[in-house]
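Take a look at the letters that make up each chain.
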Amino acid sequence: MTKDFLRDLNPAQLEAVKFIEGPELVLAGAGSGKTKVLTYRVAYLVSAGVSLHNILCLTFTNKAANEMRTRINKMLGIEETNKRTFNTWIGTFHSLFGKILRVESKNIGYGQNFSIYDEDDSLKKVREILKERNLAEEVYAPAAIRSRISKLKNAVILPSQFEQTAKSRLDEVTADIYTTYEDRLKKNNSMDFDDLLIKPILLFNRNRESLERYQDRFRFILVDEYQDTNRAQYVLLKLLSEKHRNLCVVGDDAQSIYSWRGAELQNILDFQSDYPDCKVFRLEQNYRSTGKILKAANSLIVHNKRKLDKELWTENLDGDNLTVIEAESDRDEGYKIVQKIRNESVKEKLQLKDFVVLFRTNYQSRALEEAFNRGGIPYLIIGGLAFYKRKEIKDLLAYLRLVVNQLDDESFMRVVNSPPRGVGDVTIDYLRNFATESNIALFNAADRVDEIPEIQPRQKGQLKLFSELIKKYVRLKDELSVSELTRSMTDELQFIRLLKDEGTPEARNRMENIQEFLAGIAEFQSDNPQGTLQDFLSEVTLVADVDRWDTQRNAVTLMTVHAAKGLEFPVVFVSGLEEGLFPLPAKEQNELEEERRLFYVAITRAKRKVYLSHARERYRFGKLSYQTQSRFLSEIESDLLELERSSRQAPQHTLWEDTNIVTSLTPSLDYLDSPLAKESDRQTEIKERRSIPKLRIGSIVRHEFFGEGKVIEVSGKGDNERVIVLFGANQKKQLMLRYANLTLVR
DNA sequence: TTAATTTGCACCTAC
DNA sequence: TGCAAATTAA
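This section reports on the structure supplied with the text. (Residues numbered from 1 in each chain as written. Chains lettered and ligands numbered in written order. Predicted model: local features only at pLDDT ≥ 70, side-chain atom pairs only at ≥ 80, totals over all residues. Heavy atoms only, no water.)

1. A short note on the side chain of Ser 613
Line of reasoning, step 1. With respect to the helices, strands and loops of the structure, Ser 613 is situated in strand β16 (residues 606-620).
Line of reasoning, step 2. Dropping the residues within four chain positions of it, Ser 613 is found in contact with Ile 325, Glu 333, Ile 337, Val 574, Ser 575, Gly 576 and Leu 577. (Helix = DSSP H or I, 4+ residues; strand = E, 2+ residues; numbered from the N terminus. Contact = heavy atoms within 4.5 Å.)

Right, dumping it as structure tokens:
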């Protein structure tokens with residue numbers, strides 16, 4: 001095995017890669033080649049004779065895992081004939097330990113076909129228990145209780161332990177709900193996300209033999225983004241590495257941004273005292289950003305007290321100052337960002353996918369989206385309404401989950417009356433009472449509905465039909481492929497027909513989502529010919545929004561700062577730099593420091609240029625609120641900032657009637673070949689005020705991004721007048737004349 | 001007893 | 001603004 005690849009590394013990276021035996025901490029600043037060290041280290045281990053089979057590599061997202069797997073395979077000359085053939089143990093904590101739990105389920109008293117509950121599911125469960133206890137939701141907010149339970153689990157505190165230390169009434173209630181919640185989940189043969197971490201700990205503590213098996217299996221453990229691990233993950237790593245002690249963790253304390261979900265910065269700060277014989281490496285040379293971007297980031301982060309000593313430096317050119325954009329309103333902010341992207345993409349010869357717009361909270365994406373729609377610039381939103389959280393998708397998933405696991409009451413509740421079957425709250429109550437008394441699952445109660453006298457004949461019939469339907473697919477499960485089963489079920493339930501009948505734009509959108517979902521299943525099937533329905537469901541439940549990101553598409557990316565972790569872009573816009581938004585209101589110093597680290601992460605995503613924008617007023621809770629600029633802006637060394645104040649604001653338009661004009665789903669590769677907008681901002685504004693051409697079917701028009709096309713439909717009057725234009729062979733776009741800037745060619 | 005409508009409240013971030 | 005629970009109509 002040749003080790004030529006080691007030449008690509010700088011001395012610090014090389015040392016970190018070549019250190020094999022014993023615990024290792026790599027403190028790696030932003031853009032210092034963290035991922036590179038991890039991948040090279042795996043390749044190096046293999047070249048030194050370690051079997052891939054003995055390596056466990058934990059990443060923060062599935063996307064990072066896939067990229068790493070591809071890179072390692074490439075370096076080792078492994079052909080990727082089938083994605084799954086070289087299924088090395090690279091993945092997120094949740095997905096890998098989820099897999100282990102499937103194998104070990106009997107050892108912890110679970111069925112192998114357990115469901116995985118997402119946050120929504122567990123919140124519903126908490127609500128249900130509160131209701132049973134007659135506890136008012138106003139006093140005990142279900143979301144707060146759920147979050148407390150989650151935090152306890154992440155901290156590896158069991159119900160019995162918490163009960164003993166309960167100090168307040170709220171603690172007592174939490175302990176009570178927590179106990180019942182655990183009990184209920186087990187009865188449902190279901191686990192929540194936190195269980196995927198805490199259950200393996202329980203397993204390993206109880207079952208030494210199984211622990212040793214995994215210790216010997218994973219003789220080398222590598223962990224990315226160690227600064228964002230929580231207590232449960234820490235314990236898991238400690239258990240697994242105890243025997244061979246080959247634990248290599250990589251992280252950057254300055255980028256710890258997940259304390260709200262239990263991440264403990266202390267894990268990385270304490271690594272040296274936890275593993276006294278550990279070797280520490282520092283990667284401080286940044287390869288990503290310009291000198292000024294890095295300086296700005298450094299000048300910001302010195303305001304934090306709680307951190308390890310480390311100063312990033314770079315040999316890269318100084319580059320431009322960071323530009324501060326002042327906007328009048330959230331609308332205006334979006335407008336100015338779009339104009340900037342329009343100009344910069346031409347001036348700097350950049351593609352749209354070189355730009356990212358970051359924001360602190362998902363709701364900010366709406367105003368931005370509107371601006372991109374209006375400007376006709378293709379964009380992609382990561383997060384927001386996560387695909388798998390959409391109602392229609394969750395419904396379909398619940399049906400599938402019920403087919404796999406009939407004990408899953410949450411899924412039963414979700415779909416028993418959707419599409420409507422005339423089974424309402426009252427009937428469900430009777431059913432639930434019966435289920436509780438007989439100590440059986442809701443599905444089994446539905447099967448024995450004849451034993452429940454209170455339920456009306458009509459409802460009885462419906463419940464029987466429902467139960468038969470599910471049972472039919474339980475039987476078919478082993479005969480049909482995942483894709484066939486889902487398709488046939490969707491057809492039988494008439495999901496698509498019912499939506500078609502609605503005829504509203506929202507229904508159309510839902511239909512498209514279902515189509516996309518079916519296509520997704522087909523893709524899963526071809527990637528995993530052996531994959532079961534259960535495999536599909538676990539995978540789907542554990543994907544993050546970033547995982548679904550199509551990086552090939554040439555479009556501007558819009559996402560939260562959290563989602564941008566680990567990514568890089570030539571040009572980064574950080575929007576909404578206002579007090580109370582970024583930073584969000586912080587109760588304690590710790591929280592403020594995390595906000596600051598979050599801003600640090602945002603800035604350090606950029607290779608060439610950073611824009612920082614804030615608005616004077618912004619809609620929050622549907623009301624206009626006045627905003628002041630973020631303190632973070634004044635914390636950056638002032639001579640690195642450049643103010644751009646433009647008096648020109650977003651043109652005043654009425655609201656869009658149809659937000660579906662150029663949606664995020666619009667394929668936008670054609671943008672590449674079409675002439676770019678050459679006009680300056682000023683001209684654009686004049687253009688928008690220009691009279692709108694009279695168009696008929698058959699008219700040939702020119703759009704600044706899509707090029708020339710033929711009008712195939714005209715509808716609406718006045719401001720609402722819109723056209724459907726066919727660009728190229730099959731690019732149909734619906735455009736609103738008022739905003740589309742079409743010129744009549746003939 | 002269910003479906004449709006109104007009102008009431010929420011906006012952090014995510015595996 | 002936009003969705004989920006409470007209220008009212010059917």
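Still more to cover.
2. Describing the sheet that holds strand β1 (residues 24-28)
Line of reasoning, step 1. The strand order across the open sheet built from six strands is β3-β2-β6-β7-β1-β8, with neighbouring strands paired in parallel fashion. Because the sheet does not close on itself, it has two edges, and the strands there are β3 (89-92) and β8 (279-283). For this sheet, the mean inter-axis angle between neighbouring strands, taken without regard to orientation, is 15°.
Line of reasoning, step 2. Judged from the four bridges that link them, strand β2 (residues 55-59) and strand β6 (residues 220-223) form a sheet pairing that is parallel. Among the inter-strand pairings, Leu 58 is bridged to a residue of β6, identified as Val 223. (Pairing = 2+ DSSP bridges. Axes fitted to C-alpha atoms, helices over the stretch in contact; angles between N-to-C directions.)

3. With respect to the packing of helix α4 (residues 93-104) against helix α10 (residues 208-217)
Line of reasoning, step 1. Where α4 contacts α10, the axes come no closer than 13 Å and their chain directions differ by 135°. In terms of axis orientation, α4 runs oblique to α10. Read as a crossing pair, α4 and α10 show a hand that is right-handed. In contact with Ile 100, Val 103 and Glu 104 of α4, α10 contributes Ser 210, Arg 213 and Tyr 214.
Line of reasoning, step 2. Along the lines of polarity and charge, the residues of the contact of α4 with α10 split into three nonpolar, one polar and two charged. (Parallel < 35°, antiparallel > 145°, perpendicular 65-115°, else oblique. Left-handed = near helix turned anticlockwise from the far one by under 90°. Nonpolar A, V, L, I, M, F, W, Y, C, P; charged D, E, K, R; others polar.)

4. Focus on the protein's contact with DNA strand C
Line of reasoning, step 1. Taken together, the neighbourhood of DNA strand C is formed by Arg 127, Arg 366, Lys 391, Phe 621 and Gly 622.
Line of reasoning, step 2. Sugar and phosphate atoms form 55% of the subset of DNA strand C atoms that lie within 4 Å of the protein.
Line of reasoning, step 3. Across the surface near DNA strand C, the residue classes tally to one nonpolar, one polar and three charged. (Near = heavy atom within 4 Å.)

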